[in-house]
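Here is what each chain is made of, one letter per residue.
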Amino acid sequence: MARRIDYSARYQYTVPQIYAAMSNPDYWEARVEEMRQYSPNHVEKFHADSNGIEIELQHILPRTELPDIAQAVIRKDMVITRKESYSALGDEVTGTWNASIPAGPGSLGGTVRLFSTDTGSTLRTSSEAKVYIPMVGPKLEQLMLVNLVDLFRAEAAATVTWLEKNPPSA
């Protein structure tokens, strides 16, 4: 059975301001640069136009830094390909994301909503983890989701830092 978790990043910036940042390749490069303090990362692909945003990121987690339970099933460095897709700018922006690991024992992905609030906007990510290994699957799913929240929290902080350094005009 899959496990689910929601994470909300709240911003003092409006939906158009957040979307403008996400439409800028420099934003993604800065965010990936910030994430490099945790593991090697890079932007594999980026495309933004009037129809929306498509981004592909690669995260490399050295096997030696994985928890023991993960090392038991993963025999080399974990290369995670993360793809995100966002709709065109509107009152609310919707999207999907998924992460894949070659020969990985499960799936990780979800949906994203960027919407206005009284104080700015919220980016809500709903995620689902499923590991197809009996006995250890539920433990790995929970571990993935806890680490995912930490990642989303760090990415939200990187977004605020980028917007502070690059004040939006919208």
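Conventions we followed
Residues numbered from 1 in each chain as written. Predicted model: local features only at pLDDT ≥ 70, side-chain atom pairs only at ≥ 80, totals over all residues. Heavy atoms only, no water. Pairing = 2+ DSSP bridges. Helix = DSSP H or I, 4+ residues; strand = E, 2+ residues; numbered from the N terminus. Axes fitted to C-alpha atoms, helices over the stretch in contact; angles between N-to-C directions. Contact = heavy atoms within 4.5 Å. 1 Å grid on protein atoms, 1.4 Å probe; cavity = no way out; pocket = protein on both sides within 12 Å on 5 of 7 lines; lining within 4 Å. Points joined across faces, edges and corners; volume = space filled by probe spheres on them. Parallel < 35°, antiparallel > 145°, perpendicular 65-115°, else oblique. Left-handed = near helix turned anticlockwise from the far one by under 90°. Nonpolar A, V, L, I, M, F, W, Y, C, P; charged D, E, K, R; others polar. Core = buried A, V, L, I, M, F, W, Y, C linked by side-chain atoms within 4.5 Å. Buried < 20%, exposed > 50% of the residue type's maximum accessible area, 1.4 Å probe, protein only.

*Asks:* Got a sec to walk through the sheet that holds strand β6 (residues 106-117)? Specific residues and values, please.
*Replies:* With respect to topology, 7 strands assemble into an open sheet ordered β1-β7-β6-β5-β4-β3-β2, the strand pairing being antiparallel. A single partner strand is all that each edge strand has here, and the edge strands are β1 (3-11) and β2 (41-49). Direction aside, neighbouring strands of the sheet carry axes that sit 15 degrees apart on average. With 8 bridges connecting them, strand β5 (residues 92-100) and β6 associate as antiparallel partners. Each residue of the ladder has a partner; that of Glu-92, found in β6, is Phe-115. Across the sheet, helix α1 (residues 15-22) touches β1, β2, β3 (52-61), β4 (78-86), β5, β6 and β7 (120-131), and the angle it forms with β6 is around 135 degrees.

*Asks:* Explain the layout of surface pockets to me, and be specific about the residues and the numbers.
*Replies:* Size it by volume and the largest pocket reaches roughly 900 Å³. Together, 34 residues line the largest pocket, and Leu-61, Met-78, Ile-80, Met-144 and Asn-147 are the ones closest to its centre. Elements with a contribution of two residues or more to the lining of the largest pocket: β3, β4, β5, β6 and α4 (137-165). If one sorts the elements of the lining of the largest pocket by residue count, α4 sits on top with 8 residues.

*Asks:* Any chance you could break down empty space enclosed by the protein for me, citing the residues and the numbers?
*Replies:* Empty pockets left among the atoms are what a rolling probe the size of a water molecule brings to light. Counted under the stated rule, the structure contains 3 cavities of 30 Å³ or more. As a volume, the largest cavity reaches approximately 160 Å³. Lining the largest cavity are 15 residues, with Arg-82, Leu-123, Thr-125, Phe-152 and Glu-155 sitting closest to its centre. Among the secondary structure elements, those contributing two or more residues to the lining of the largest cavity are β1, β4, β7 and α4.

*Asks:* Quick rundown of the side chain of Thr-159? Include the residues and the values.
*Replies:* Among the secondary structure elements, Thr-159 is positioned in helix α4. Thr-159 has contacts with Tyr-11, Ile-18, Tyr-27 and Arg-31, leaving out every residue within four places of it along the chain.

*Asks:* An account of the packing of helix α2 (residues 25-35) against α4 is requested, with residue identities and associated values reported.
*Replies:* Axis separation between α2 and α4 bottoms out at 9 Å; the angle between their running directions is 130 degrees. Accordingly, the angle class assigned to the pair α2 and α4 is oblique. α4 is crossed by α2, and the crossing has right-handed handedness. When α2 is examined against α4, the residues Asp-26, Tyr-27, Ala-30, Arg-31, Glu-34 and Met-35 are found in contact with a partner set consisting of Leu-151, Ala-154, Glu-155, Ala-158, Thr-159 and Trp-162. Residue composition of the contact of α2 with α4, by class: 7 nonpolar, 1 polar and 4 charged.

*Asks:* Describe the pairing of β2, with residues and values.
*Replies:* By the bridge criterion, 8 bridges tie β2 to β3 in an arrangement that is antiparallel. Its bridge partner being in β3, Lys-45 is matched across the sheet by Glu-56.

*Asks:* Residue-level account of the nonpolar core, with values.
*Replies:* Formed by 35 residues in total, the largest nonpolar core has its most connected members in Tyr-11, Ile-18, Met-22, Trp-28, Tyr-86, Trp-97 and Leu-108. In this view, Ile-18 contacts Tyr-11, Tyr-13, Leu-114, Ser-121, Thr-159 and Leu-163; residues no more than four positions away in its chain are not counted.

*Asks:* Could you give an account of the environment of Leu-89, naming the residues involved and the relevant values?
*Replies:* Assignment of secondary structure puts Leu-89 in the loop between β4 and β5. Residue Leu-89 is classed as partly exposed on the basis of its relative accessible area of 45%. Sequence separation between Leu-89 and Met-135 is 46 residues; the distance between their C-alpha atoms is 43 Å. Not counting residues up to four positions away in its chain, the partners in contact with Leu-89 are Val-15, Pro-16 and Tyr-19.

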